[in-house]
Amino acid sequence: MASALMSLGTRAMAAAMAQLQTTSHNIANASVAGYSRQEVELATSKGQFTGAGFFGKGVDVATVKRAHDEFLTREAAVAASLAAGDKARHEQLVRLENAFPTGEQGVGYAAGQLLNAMVDLASRPQDISTREVVLARAQEVAARFATAGRQFDALQAGVAQDLKNAVASVNEIAQRIADVNQQIASMQGFGHAPNDLLDERDRLVQQLSGFVAVTTIPADDGALGVFIAGGQRLVLGNQAQELVVTPDAMDPSRAAIGIEETNGVRPLSAALLSAGSIGGLLRFQNEDLVAARTSVGQMALAFASRVNEQLSLGLDLNGNAGAALFADLRATAALAAATNGGSAAIDVFAHRPAQVPAEEYELRYDGASWQLTRTDGSTPAGGPYTFTDAALAAGVAIDALGLTLQRSGAAAAGDRFLLQPVSRVAGEMTRVLTDPRGIAAASPLTATAHPANAGSAGVGALTMTAPLASSDAVQITFGAVVPGTPPAPDGVAYTWTRGAASGAGTWTPGQPLAIGEFTLALTGVPVAGDVIDVAPTEFPLSSNGNAMALAALRDETFVGRRADGSGGETVTDAYASAMAGIGVRVQSAATAAEISASVKVAADRLREAKSGVNLDEEAARLIQFQQSYQAAAKVLQVAQQIFETLLSTAAR
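As the structure is a computational prediction, the values presented were derived from the model and not from experiment.

Chemist: I'd like a rundown of the sheet that holds strand β22 (residues 458-464), residues and numbers included.
Modeler: Reading across the sheet, the 3 strands line up as β22-β27-β26 and stay open at both edges, with antiparallel pairing between neighbours. The open sheet has two free edges, formed respectively by β22 and β26 (513-515), since each of these has just one partner strand. Pairs of neighbouring strands in the sheet enclose a mean axial angle of 25°, with direction left out of account. As paired elements, β22 and strand β27 (residues 518-523) share 5 bridges and run antiparallel to each other. Looking at the pairing, Gly-458 lines up with Thr-523 of β27.

Chemist: For the packing of aromatic side chains, give the residues involved together with the corresponding values.
Modeler: Counted by the stated rule, this structure contains 7 aromatic pairs. Consider the rings of Phe-100 and Phe-152, whose centres lie 6.1 Å apart with planes at 45°: the pair is tilted. You can see Phe-100 sitting in the loop between α2 (70-97) and α3 (107-123) and its partner Phe-152 sitting in helix α4 (residues 128-186), a full 52 residues away along the chain. Owing to a relative accessible area of 4%, Phe-100 belongs among the buried residues under this scheme. Here Phe-152 falls in the buried class, since its relative accessible area comes to 1%. Taken together, a centroid distance of 6.0 Å and an interplanar angle of 50° make the contact between Phe-303 and Phe-326 tilted. Taken as a pair, Phe-303 in helix α6 (residues 276-312) and Phe-326 in the loop between α6 and β12 (331-333) lie far apart in primary sequence, 23 residues in all. The exposure class of Phe-303 is buried, given its relative accessible area of 0%. For Phe-326, a relative accessible area of 1% corresponds to the buried category.

Chemist: Could you give an account of the environment of Gln-241, naming the residues involved and the relevant values?
Modeler: Within the secondary structure, Gln-241 is located in the loop between β8 (239-240) and β9 (243-247). By relative accessible area, which is 15% here, Gln-241 ends up buried. Measuring from C-alpha to C-alpha, the distance between Gln-241 and Arg-306 comes to 53 Å, with 65 residues separating the pair along the chain. Not counting chain neighbours up to four residues away, the residues in contact with Gln-241 comprise Asn-171, Arg-233, Leu-234, Ile-259, Glu-260 and Glu-261. Of the polar contacts made by the side chain of Gln-241, one reaches the backbone oxygen of Glu-260; its length is 3.0 Å.

Chemist: Describe in detail the environment of Val-531, supporting the description with residues and values.
Modeler: Of note, Val-531 is situated in strand β28 (residues 531-536). Separated by 140 residues in sequence, Val-531 and Ala-391 have C-alpha atoms that sit 50 Å apart. Apart from residues no more than four positions distant in its own chain, Val-531 is found in contact with Thr-448, Ala-449, His-450, Asn-453, Gln-475, Ile-476 and Thr-477.

Chemist: With reference to specific residues and values, describe the sheet that holds strand β23 (residues 474-482).
Modeler: In space, the 5 strands of this open sheet follow the order β21-β28-β23-β24-β25, with antiparallel pairing throughout. The outermost strands of the open sheet, each flanked by one partner alone, are β21 (445-449) and β25 (501-507). The average angle at which neighbouring strand axes cross in this sheet is 20°, direction not considered. Sheet analysis places strand β24 (residues 491-498) next to β25, joined by 7 bridges and oriented antiparallel. Looking at the pairing, Tyr-494 lines up with Gly-505 of β25.

Chemist: Pulling in residues and values, what's your account of the pattern of salt bridges?
Modeler: Scanning all chains against the criterion turns up 28 salt bridges. Put simply, Asp-153 and Arg-293 hold a salt bridge, and the shortest N to O gap is 2.8 Å. In this pair, Asp-153 sits in helix α4 while Arg-293 sits in helix α6, placing the two residues 140 residues apart along the sequence. Since its relative accessible area comes to 6%, Arg-293 is described here as buried. One network of salt bridges, with partners in common, ties together Asp-153, Asp-251, Arg-254, Arg-293, Glu-360 and Arg-424.

Chemist: Please give an account of helix α5 (residues 195-209) that cites residues and values.
Modeler: An α-helical turn contains 3.6 residues, so a residue and the one three or four places further along point in the same direction. Compared with the 21 Å implied by 1.5 Å per residue over 15 residues, the 21 Å span of α5 between its first and last C-alpha is a close match. Looking at α5, one finds that the buried residues are Asn-195, Leu-197, Leu-198, Asp-199, Arg-201, Asp-202, Leu-204, Val-205, Leu-208 and Ser-209.

Chemist: Now, about the nonpolar core: what can you tell me, with residues and values included?
Modeler: Grouped together as the largest cluster of nonpolar side chains are 115 residues, with contacts concentrated most on Leu-96, Phe-100, Phe-303, Phe-326, Leu-372, Phe-387 and Met-429. Here the element with the most residues in this core is α4; it accounts for 21 residues. Those residues in contact with Phe-387, other than ones at most four positions away along the chain, are Leu-363, Ser-369, Trp-370, Leu-372, Leu-392, Val-396, Ile-398 and Leu-405.

Chemist: Could you give me a rundown of the packing of α3 against helix α9 (residues 571-611), with the residues and numbers involved?
Modeler: Contact geometry for α3 and α9: axes closest at 8 Å, N-to-C directions at 175°. The angle between the axes of α3 and α9 places the two elements in the roughly antiparallel class. Where α3 approaches α9, its residues Val-107, Gly-108, Ala-111, Gly-112 and Leu-115 are matched on the opposing element by Val-571, Thr-572 and Tyr-575. A per-class count over the contact of α3 with α9 returns 5 nonpolar, 3 polar and no charged.

Chemist: Which residues make up the packing of α4 against α5, and what values do they have?
Modeler: Running from amino to carboxyl end, α4 crosses α5 at an angle of 160°, the nearest separation of the two axes being 10 Å. Comparing their axes, α5 and α4 come out roughly antiparallel. Where α4 crosses over α5, the two elements pack in a sense that is left-handed. For the pair α4 and α5, the contacting residues are Val-170, Ile-173, Arg-176, Ile-177, Val-180, Asn-181, Gln-183 and Ile-184 in the first and Leu-197, Leu-198, Glu-200, Arg-201, Leu-204, Val-205, Gln-207 and Leu-208 in the second. Looking at the contact of α4 with α5, its residues break down into 10 nonpolar, 3 polar and 3 charged.

Chemist: So, the pairing of β24: which residues are in play, and what are the values?
Modeler: A regular strand places its side chains so that they alternate between the two faces of the sheet. Examined bridge by bridge, β23 and β24 share 6 bridges and lie antiparallel to one another. Considered in β24, the bridge of Thr-477 is made with Thr-495. From the end of β24 to the start of β25, which pair antiparallel, there are 2 residues, and Gly-499 there has a positive phi angle of about 60°.

Procedures and definitions
- Residues numbered from 1 in each chain as written.
- Predicted model: local features only at pLDDT ≥ 70, side-chain atom pairs only at ≥ 80, totals over all residues.
- Heavy atoms only, no water.
- Pairing = 2+ DSSP bridges.
- Helix = DSSP H or I, 4+ residues; strand = E, 2+ residues; numbered from the N terminus.
- Axes fitted to C-alpha atoms, helices over the stretch in contact; angles between N-to-C directions.
- Phe/Tyr/Trp six-rings, centres within 6.5 Å; stacked < 30°, edge-to-face > 60°.
- Buried < 20%, exposed > 50% of the residue type's maximum accessible area, 1.4 Å probe, protein only.
- Contact = heavy atoms within 4.5 Å.
- Polar contact = N/O pair within 3.5 Å; in protein donor to acceptor, adjacent residues only side chain to side chain.
- Salt bridge = Lys/Arg side-chain N within 4 Å of Asp/Glu carboxyl O.
- Expected span 1.5 Å × (residues − 1).
- Core = buried A, V, L, I, M, F, W, Y, C linked by side-chain atoms within 4.5 Å.
- Parallel < 35°, antiparallel > 145°, perpendicular 65-115°, else oblique.
- Nonpolar A, V, L, I, M, F, W, Y, C, P; charged D, E, K, R; others polar.
- Left-handed = near helix turned anticlockwise from the far one by under 90°.

Limitation: the analysis is restricted to geometry and does not speak to function.
The structure is reproduced here in structure tokens:
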């Protein structure tokens, strides 16, 4: 009887001690991130049969299990991945927003100041100091565009460095998971779960999820397989693959993610790396930064080309045709994919700079024809576009996009090219005119009204719309009134002669006359017999016709104008739209980051509610198990007293 009590007491004490030890372990690790509360599982020992029935033999410690929910753990990892991706993208967008300063520091303000300086030039076309101001304003515009380009390049370099840091962390964590897998697998034969190692692995997977979205699959030996990018193996058993940051196959200035394999580095699709800080950085690089580059580049190309175009239609102080104020940004070379097998090169020329969209394109050759799409695979405006190889070799003009493409060299099937007609333009913008006398403020044509005219018509702005076609004078003679269809006003018929050429039309009040390569606005109303002569300018020093046309660019919607002449924005409105677009991205990213962070907190709380340590509960259990231990000790004490009584009785 005493020995049975001894056995029962010993088992009870062992069980209570195990519970005390486990509870103390929980209390010690209450503040450790990712720790799962552990509990001792007890099992009743099998009873012993006697003639009087079965008598219990006490309790056994079956195992120590952890409070763990696989679903909640997985959901917490997914939430952490989404939150990290949204946070990384938002942080980069905030930096990008700094490349679009407001007020007097912005590109739009500088462009507006240049065009305002043209107004002063129109008032004093012969004044050298006024011309110096125009050159200074032009230098400021070019500098601000170039600064924006450099800021975009700096952001790109920062993204590449952040990706390298993130990849280094991923590789380190993946190797640690592989090491823990090996330790867990080596303990599989013990028949009990190594709880602390399992917690460590879950904690590592949670950390890994902050960098990249992962999928986990348990193996029979207790190891955990970790997969990324739609099923690509990262950790399998005790083996970990390494990620690497490589130049993008289409644009070497951008970063891409690849995974090292035995036969080299295999690129991973950015679309499959959609979460985690790596996914957020890639999305910023491939979407947000591209949108910023193209919007600013579109402005730079349209503005520089339109100013240069208008200057080319005028005369400088020396009577020469106008020279360009800014560098010619219309020609670019497409970027060939690193995997191309042919020697082909694609030249891109913006023959209609104002119509070039703020987009990038991919040109692909299938061995028989070429297809042009946006980089996301969608069809560009006016598309779809398919060209034969012979046509592309001769040159293809795409008026809807304002681009001309031409191939040189030999292409191989599967060759791809990235077309960036505006992406790099801002950083290349420079002022090339240095002589203030070279600013073409004068119009090559001058209009004068005959002094004998009976009507009130006077000469307004003469604007060149194309280079001077002839040195012959133009004589415009007005005729009878042409009744208008209400509510349109009455017009006045006119004829014009220019050497052997002639023509006729109807002038409508408020609308300029359009003859050949110029338009002429009138003030007042002509009557029959009135004559206006348009002749080559004899004294460019006092002419301001082209300066007035340049000043009028302030209100011209030439940025992003469609092929049919519709749409478009002024340069200041275009910059405001670009700022608004980035602002919307920042706000939406901030909202997404806030929401995903809240989801992460909620997921962590749910997991903690299931697996976390409650110190109040553990303190109560500690008292409970202490009492159990004391009661078991009391059993042993009683057993000892019985045993001593038996010994003393037997000794008599």
